[in-house]
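Here is what each chain is made of, one letter per residue.
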Amino acid sequence: MPSAVVTGGGRGIGANVARALAADGYDVVVTGRTRDEIDAVAAELGGRAIEMDVSSPESIERGFADIGPVDLLVANAGTGNRGIAWEIDPDDWWRVFEVNVRGVHLCCRAVIPGMLERGGGRIVIVGSGSAYLPGASETGYTASKAAVCRYGETLNNALEGRVPVFVISPGLVRTAMTEGSIPDDAPWTPPECAPELVRALATGEFDTLAGRYLHAEHDPPAALRARMQQILAEDLNAIRLRR
């Protein structure tokens, strides 16, 4: 049975991704900082729960030592802050980068050596459209997601096809992070879109698109199948400077 780790898997997008992977036959480990939440999801799936703070190297080292071999990492754990950039405590502002960027790197670093030794695996990083969409004024979350999008692309290049790395946007999904901060009439994304994309990427069918930015709502598996050759030929689904 293949193994999958979903960070931030105790609620919201991560919990839904964990459910989809368990339905596909994965032995799922859900990680997070809130014990009750990850225990509940793990019990529902018949999986395992590992308490983990992705911003802590010691927590990650302990957690992945307990987890063992990983075939699929879904680096979903993330956070944000609200407020005027210059009025936010600098440590609170930087905390977003510690979770959203450093946390992703630490988790990838924990699983890649074992994947290379065993001859394969896959990584899916949960990014955000805030990495490139115009008009934003929040500086911490948006900048961290821009960084992690580029991180995923370059990490995929460094791995040279041995471990495909994908960066996805789940879209605008109602979660504890978005609830109350975005108008009810916003173009919300159906919550099933991200899990469906992750489970498709896990199959290997779309490995040639690794390193590219894929949007769960706008790039569903059927659309990717139809557009795959065009994406590759025209270098689409990538953040590029166009002149």
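Refer to the preceding data block for the structure.
Per chain, residues are indexed from 1 in the order of the written sequence. Residue-level local features of this predicted model are given only where pLDDT is at least 70; pairs of side-chain atoms are given and counted only at 80 or more, and the full residue set underlies all totals for whole chains, interfaces and linings. By convention in this description, side-chain values take in all heavy atoms of the structure and omit both hydrogens and water.

> I would appreciate a short explanation of the environment of A110 in the present structure.
Under the scheme used here, helices are H or I runs from DSSP no shorter than 4 residues and strands are E runs no shorter than 2 residues, and both carry numbers assigned from the N terminus. Structurally, A110 is set in helix α4 (residues 90–118). For A110 and I60, which are 50 residues apart along the polypeptide, the C-alpha to C-alpha distance reads 7.5 Å. Only heavy atoms matter for contacts: two residues are in contact if any of them lie within 4.5 Å across the pair. Here A110 is in contact with I60 and F64, once residues within four sequence places are set aside.

> What is the right way to read the side chain of H215 from this model?
When you line up the elements, H215 lands in strand β7 (residues 213–215). Nitrogen and oxygen atoms within 3.5 Å of one another constitute a polar contact, given that in protein one can donate a hydrogen and the other can accept it, and given that sequence-neighbouring residues count only through two side-chain atoms. At 3.3 Å, the side chain of H215 and the backbone nitrogen of H218 are in polar contact. Not counting residues within four places of it along the chain, the set of residues in contact with H215 comprises S169, G171, L197 and P220.

> Would you mind showing me how to read the pairing of strand β5 (residues 122–126) here?
Regular strands show a simple pattern: their side chains alternate between the two faces of the sheet. Note on exposure labels: buried denotes an accessible area under 20% of the residue type's maximum, exposed denotes more than 50%, and partly exposed covers the range between, all computed with a 1.4 Å probe on protein chains only. The element β5 is largely enclosed, with a buried count of 4 among its 5 residues. Note: strand β4 (residues 72–75) against β5, 4 bridges, orientation parallel. Each bridged residue has a counterpart across the sheet, and for L73 the counterpart in β5 is I123. The handedness rule is simple: strands pointing away from the viewer, and a clockwise path from the first strand over the helix to the second, make the crossover right-handed. Assessed by its sense of winding, the connection that carries the chain from β4 through α4 to β5 is right-handed. Pairing between strands is defined by DSSP: at least two bridges between them are needed. The pairing of β5 with strand β6 (residues 165–169) spans 4 bridges and is classified as parallel. Directly across from I125, in β6, lies its bridge partner V167. Remark: the β5/helix α5 (residues 140–159)/β6 crossover connection has right-handed handedness.

> Sorry if this is basic, but what is going on with the packing of aromatic side chains here?
Where two aromatic rings form a pair, the distance of their centres and the angle of their planes describe that pair. The rule is short: rings of Phe, Tyr and Trp, with Trp giving its six-membered ring, pair when the centres are within 6.5 Å, and they are stacked under 30 degrees, edge-to-face over 60, tilted in between. Under the counting rule described, the total for this entry stands at 4 aromatic pairs. Geometrically, the ring pair formed by W94 and F97 is stacked, given 5.3 Å between the ring centres and 10° between the ring planes. Of this pair, W94 and F97 both sit in helix α4, 3 residues apart, which is roughly one turn of that helix. Residue classification places F97 among the buried positions, given a relative accessible area of 13%. Aromatic side chains Y132 and Y213 sit 5.3 Å apart centroid to centroid with 85° between the ring planes, which places their arrangement in the edge-to-face category. Here the residue Y132 occupies a position in the loop between β5 and α5, and Y213 occupies one in strand β7, the gap between them amounting to 81 residues. When its relative accessible area of 11% is taken as the criterion, Y213 is described as buried. Ring pairs connect the aromatic residues W93, W94 and F97, which therefore count as one cluster.

> In this structure, what is going on with the packing of helix α3 (residues 57–67) against α4? I would like to understand it.
Two quantities define a packed helix pair, namely the angle between the axes and the distance from one axis to the other. Helix axes use the C-alpha atoms of the stretch in contact, all axes being lines fitted to C-alpha atoms, and the angles between their N-to-C directions lie in the range 0 to 180 degrees. Packing of α3 against α4 brings their axes to within 10 Å, and their N-to-C directions diverge by 35°. In terms of crossing hand, the pair formed by α3 and α4 is right-handed. Along the contact surface, α3 presents P57, I60 and F64, while α4 presents R102, G103, L106, C107, A110 and V111. The handedness criterion is simple: a crossing whose near helix is rotated anticlockwise from the far helix by less than a right angle is left-handed, and one whose near helix is rotated clockwise is right-handed.

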